[in-house]
Structure formats: C-alpha cells, structure tokens
Amino acid sequence: MLDTGPVTLSLRLLKFGFSKEYLEPRMFRRPDGLRDRYDVVIIGGGGHGLAAAYYLAHEFGITNVAVLEKSYIGSGGTGRNTAIIRSNYLTEEGVNFYQASVDLFQDLSRTLDLNLFYSPRGHFTLAHSPASLRTMRWRAEANKHLGVESETVGPDFIQKKIPELDLTCGGKQPPVHGALYHPPGAIARHDAVAWGYARGADQKGCEIHQETTVTDIEIKDGAVEGVHTDKGYIQTDRVLSAVAGWTTGIQEMVGLRSPLVVHPLQAVVTEPTKPWLDAIVVSGSLHTYISQSSRGELVAGAALDPYELISTRSTLTFAEGLAGHMLDLFPFLGDIKIMRQWAGLCDMTPDFSPIMGTTPVKGFYIDAGWGTWGFKATPISGYTMAHTLATGRNHELIEPFNLSRFSRFNLVGEKGAASVGH
Amino acid sequence: MKILTCPINGPRPIQEFHYGGAVRDMPDPAACTDEEWADYVFNRDGAPGVKAEWWYHSASSVWFIAERDVVNDEILRTYLWGKSESP
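A few points on the structure. (Residues numbered from 1 in each chain as written. Chains lettered and ligands numbered in written order. Predicted model: local features only at pLDDT ≥ 70, side-chain atom pairs only at ≥ 80, totals over all residues. Heavy atoms only, no water.)

1. Quick word on the sheet that holds strand β15 (residues 280-283) of chain A
Residues and elements named next belong to chain A.
So, point 1. Spatially, the 8 strands line up as an open sheet ordered β6-β7-β5-β15-β16-β17-β14-β18, and their pairing is mixed. Looking at strand neighbours, the two that pair on one side only are β6 (151-153) and β18 (338-348), the edges of this open sheet. Each adjacent strand pair in this sheet contributes to an overall mean axis angle of 20°, direction not counted.
So, point 2. Taken together, the 4 bridges between strand β5 (residues 123-127) and β15 define a ladder with parallel strand orientation. Residue pairing for β15: L126 is matched across the bridge by S283. (Pairing = 2+ DSSP bridges. Helix = DSSP H or I, 4+ residues; strand = E, 2+ residues; numbered from the N terminus. Axes fitted to C-alpha atoms, helices over the stretch in contact; angles between N-to-C directions.)

Structural data, given as structure tokens:
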C-alpha cells in the first residue's frame, strides 16, 4: 500500500474549501464608481501607471488619483514581457536612467512588502563576430565609465558559466567569439510588480478602476479639462497616458503626432525542467534571448514581427524560427515542448528610447515609446513621471526623452543596446 | 494574413514579401520649414485603421501597394504604384 505519511491538511485550507467567499484580504479595493473629479487621472493599469500612482501617493502626497485600466491590471506589456532587468545601455542618458531603475528594483520587494522573486543572474549578450564584439566593448566601456558593472568576456569564461551552451552553434551559425557580461542583469516576477504597486497605491487612497475604458479626452484652450470613459465623465486637469502599445489611439484624442508605430513582439515558455540555466543568455545575431524562471520554465523571445500590427496574435513562423535558434545555442533542448506562446504590443520609436514627460497639450503627460524595453524601467518611470505630474516640470532623468526631441533632431540612439536586432 | 496577392504574381505566401512602410508624400526639402521636415522624417501615423503601405515581392523584385487594416491584418486590395485598381 502507498504510504502517504501523516495527513497534514491544514485547517485553514479546509476552511477555504468550505467558504463561499475568498478568505484572504484582497490586494486592493474595487471602488463602486468613479468620483466626479480627481487631481490626477492615469490611463493604463500596467506597471508604469500603477508605479506612478504609488509614487504620487507615497513621495508627493497626491492621493486623489484614479488609475483607469480597460482590462485587468498587468494585462498588457507588464504581463507579456520576458522579465529581464539590466542597465548596460549605450548612451549616458540611457545608462543613468536604467541604472536608477535597477537601484530601485534591488530594494523593491522590501519597499512593496511583496516577494517579487527578484533574481540577479548575470546577463550575457553573445557576439558571433569580431565586429559585434567591438560593439560589446564599446558598450562595456560606456557602462564602466558611468559606474555600471559590465565587461567583455571570452569564450572560456562563457563556457565556464554556461556549460550547456554550444559555442560552435553546431557549425550552423557563426560561432561565439565572446560576450558582453553584465553581472547585475536580473529577472523578476513581472505580474507581482504590478500587484505590489497597485496595493501600495490603494493603501494610500488611490483608486484602481479595472474594466474602465477611456473613450475621449476633453481639451479646452490647449489644456486638459477631463476624461470621458465608458463609466462616465471625470473632471481633471492632469492626465498621464501610460498605455505603451495603445498610445497611438490615445494620442489621437488630444491631437498629438509622434513617431510611434506598433509591432507585436512574441515570446514563449517551455515546459519546466530542473534548474540548469542560471544566466540570462542573449544572442543578437540569432535574435534570441533565453532565461529560466524560478518555476523551471525556459522563457524565450526574439525579434519584433516585421510589419506594423496592433494585435496580439501568435504565428507559427515565429515559434519555428525561435525554436531553431534556441537549438543552435542549446541543442539538447530538442525534446523540450513549448507550453505557451503569446504576443505583446511594442510602441517603437526610431531611436529605441522612450517618450516621456510634458507635451504641447497642457496637463497631458505621456509615458510611452516603451517598445521592447519597458518592464525594466517600471520603477524609475513611475517615480520620474510622478515627479513630473506633481511639479509640472520634467524630472532631470527624463528630460532627454521628451517628445520634443524629434522636432529638435536630438535623438537618444539606443538601438545598439537593444537585446536583439529588431 | 498568411497569403498576400502580388499584382504581378498573384497570391503568394507572406514569407516571400518584405514590408516597406506606409505610403507617404515627401515635402520639398528646399521649400519646407525645419518643423515640416522633422515631422516627415520622424512622425508616423501609428493609429489603428486601414493604411496604404509599400510591399515588396522579393522573389520577383516587384514593389507594390497594399491597403491593409493594421488591427485585424486584413488586406483590402493590392495594386501597382500609379494604378489604384486591383488587377
């Protein structure tokens, strides 16, 4: 007979089984209806919007805030990215901004009193040619100059850290010449970041309205007056649009033009395996990035879909291409199955930097252009946008990312630091 | 969209094509203001809706225009530059 050991079904679990209601406290309230007026309305209940609400309440004392989310919180890019956090960018503006985000992330589980499974792994960007190794060296020197841990490493070092990696790529792809190694590179549980910020904002009195769609924004004499939603009209003179992939629909409501064009970015997770991959592995040439989650699944993504599309559909072409390149790097994965495949919307900018801060419309603030790099910027975007909303002036970290840079021909080129060539 | 109809070669798998961006008019660089030029260089119409776009059939080097809904990926019609009727 099978020995199951002593039965230790807890009394608490038993109570859950018999209860008609969920016994744990909810993470945040579900407000009955919209108020007539808020000091700040945030469109988009993703990580960025919720973080902005959190910092408005905690750092700047503004608590009459509504976060409007058309679906459920974290349902957009926040829950669809591959959860990588790093600061090894290329420009001074980019490195300083993303490093400030990493600094906040490192303490965020404590700040939000919620385990975000923040896990520093070491981040390798593989170079498959001497030319790409030169770009890695450039990034490493720019990073070191700004105090970010980053260096180029040779094949021996890579092999020691990632024994399973086939440096020859099976002879089917150019072999690995070296890598850009960024030890603080980390992954975290992305949904929990949204939940943690939501709970923190809610505790201070901010309201989170899910299933509430913004239908129009009221402008008078070049200034924001209010927001129309499918649940009614709200008066406000400050609106933050933090909707990333849906920004091109929102910007039309206020008559703004921007370079944003939306492309889907797809990703997959495999069935779980025992822990074998500690590092985060990125290959720009093979358009692949892979890490292993704390549940043991491999999380992998690749390049953007090649043409504009505002849809989260998945394609077989993508899964085939990605699987092929994963096998070039880790041939033994041939028997591993893909469990899920999905897509997120990426609002791409021409210089691969975000669009943040004030706009020509008074009271309309934007946090967009998050393309493929938004999750890692969640804490610092929330903080700097809260600062900007509270003071009316752009925080110094985001001044270079203002929408006006495109009319001043003053771009912040970060394409060379994108994880893969898009 | 998995099949795209080239005005010369007929229906072909999407893998044979490359996307060339929206059809746009270039302002006269000698006559326009810096602002108009910056708008042309950087800004795009990224809103949801039907757009006229350049597509390229790489197997036969044919550039043509497709009218496509960028929300549901449906192709409404394709035609060669200068000819707005479907073949």
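2. With respect to the interface of chain B and chain A
So, point 1. Taken together, the contact pairs 21 residues of chain B with 21 residues of chain A.
So, point 2. Across the interface of chain B and chain A, roughly 1,800 Å² is buried in total on both sides, 58% from carbon and sulfur atoms.
So, point 3. For the pair chain B and chain A, the interface holds 2 salt bridges.
So, point 4. For E308(A), the salt bridge identified is with K51(B), shortest N-O distance 2.7 Å.
So, point 5. Put simply, chain B and chain A have 7 residue pairs in polar contact (both at pLDDT 80 or more) between them.
So, point 6. Among the secondary structure elements, those contributing two or more residues to the side of chain B that touches chain A are α1 (34-42) and β4 (50-57) of chain B.
So, point 7. Top contributing element to the side of chain B that touches chain A by residue count: α1(B), with 5 residues. (Contact = heavy atoms within 4.5 Å. Buried area = accessible area lost by both parts, 1.4 Å probe. Salt bridge = Lys/Arg side-chain N within 4 Å of Asp/Glu carboxyl O. Polar contact = N/O pair within 3.5 Å; in protein donor to acceptor, adjacent residues only side chain to side chain.)

3. Concerning helix α3 (residues 92-106) of chain A
Residue and element names in this part refer to chain A.
So, point 1. Spanning 15 residues, α3 covers 21 Å between terminal C-alpha atoms, matching the ideal 21 Å at 1.5 Å per step.
So, point 2. Regarding α3, the residues found buried are G94, V95, F97, Y98, A100, S101, V102 and F105.
So, point 3. As for α3, its buried residues are in contact with β3 (84-85), α4 (108-112), α5 (130-145), α7 (190-203), β19 (355-357) and α10 (378-391). (Expected span 1.5 Å × (residues − 1). Buried < 20%, exposed > 50% of the residue type's maximum accessible area, 1.4 Å probe, protein only.)

4. Describing the pairing of strand β1 (residues 3-6) of chain B
All names here are of chain B.
So, point 1. Judged by which residues are buried, β1 turns out to be one-sided: L4 and C6 face inward and are buried, whereas I3 and T5, on the alternate face, are not.
So, point 2. Where β1 meets strand β2 (residues 10-13), 4 bridges bridge the pair, whose relative direction is antiparallel. In the sheet register, I3 faces β2, and the bridge partner there is P13.
So, point 3. Joining the antiparallel neighbours β1 and β2 is a turn of 3 residues.

5. Brief notes about the environment of Y233(A)
So, point 1. Within the fold, Y233(A) resides in strand β12 (residues 232-235).
So, point 2. When neighbours within four sequence positions are excluded, Y233(A) is seen to be in contact with D36(A), E218(A), E225(A), G226(A), V227(A) and H228(A).

6. Structural notes on the packing of helix α2 (residues 47-59) of chain A against α7(A)
Packed helices, taken two at a time, are described by the angle between their axes plus the distance between the axes.
Residues and elements named next belong to chain A.
So, point 1. Orientation of α2 relative to α7, taken along the N-to-C sense of each, is 30°, at an axis distance of 8 Å. With respect to each other, α2 and α7 are oriented roughly parallel. The interaxial crossing formed by α2 with α7 has left-handed handedness. On α7, the residues touching G47, L50, A51, A53, Y54, Y55 and H58 of α2 are A194, Y197, A198, G200 and A201.
So, point 2. Grouping the constituent residues of the contact of α2 with α7 by class yields 9 nonpolar, 3 polar and no charged. (Parallel < 35°, antiparallel > 145°, perpendicular 65-115°, else oblique. Left-handed = near helix turned anticlockwise from the far one by under 90°. Nonpolar A, V, L, I, M, F, W, Y, C, P; charged D, E, K, R; others polar.)

7. As for the packing of aromatic side chains
Residues and elements named next belong to chain A.
So, point 1. Counted by the stated rule, this structure contains 29 aromatic pairs over all chains.
So, point 2. Ring geometry for F97 against F401: centres 5.2 Å apart, planes inclined by 75°, an arrangement best described as edge-to-face. In this pair, F97 sits in helix α3 while F401 sits in the segment after α10, placing the two residues 304 residues apart along the sequence.
So, point 3. On the accessibility criterion, F401 (0% relative accessible area) is buried.
So, point 4. Taken together, the aromatic side chains of Y54, Y55, F60, Y197 and Y383 make up a single cluster linked through ring pairs. (Phe/Tyr/Trp six-rings, centres within 6.5 Å; stacked < 30°, edge-to-face > 60°.)

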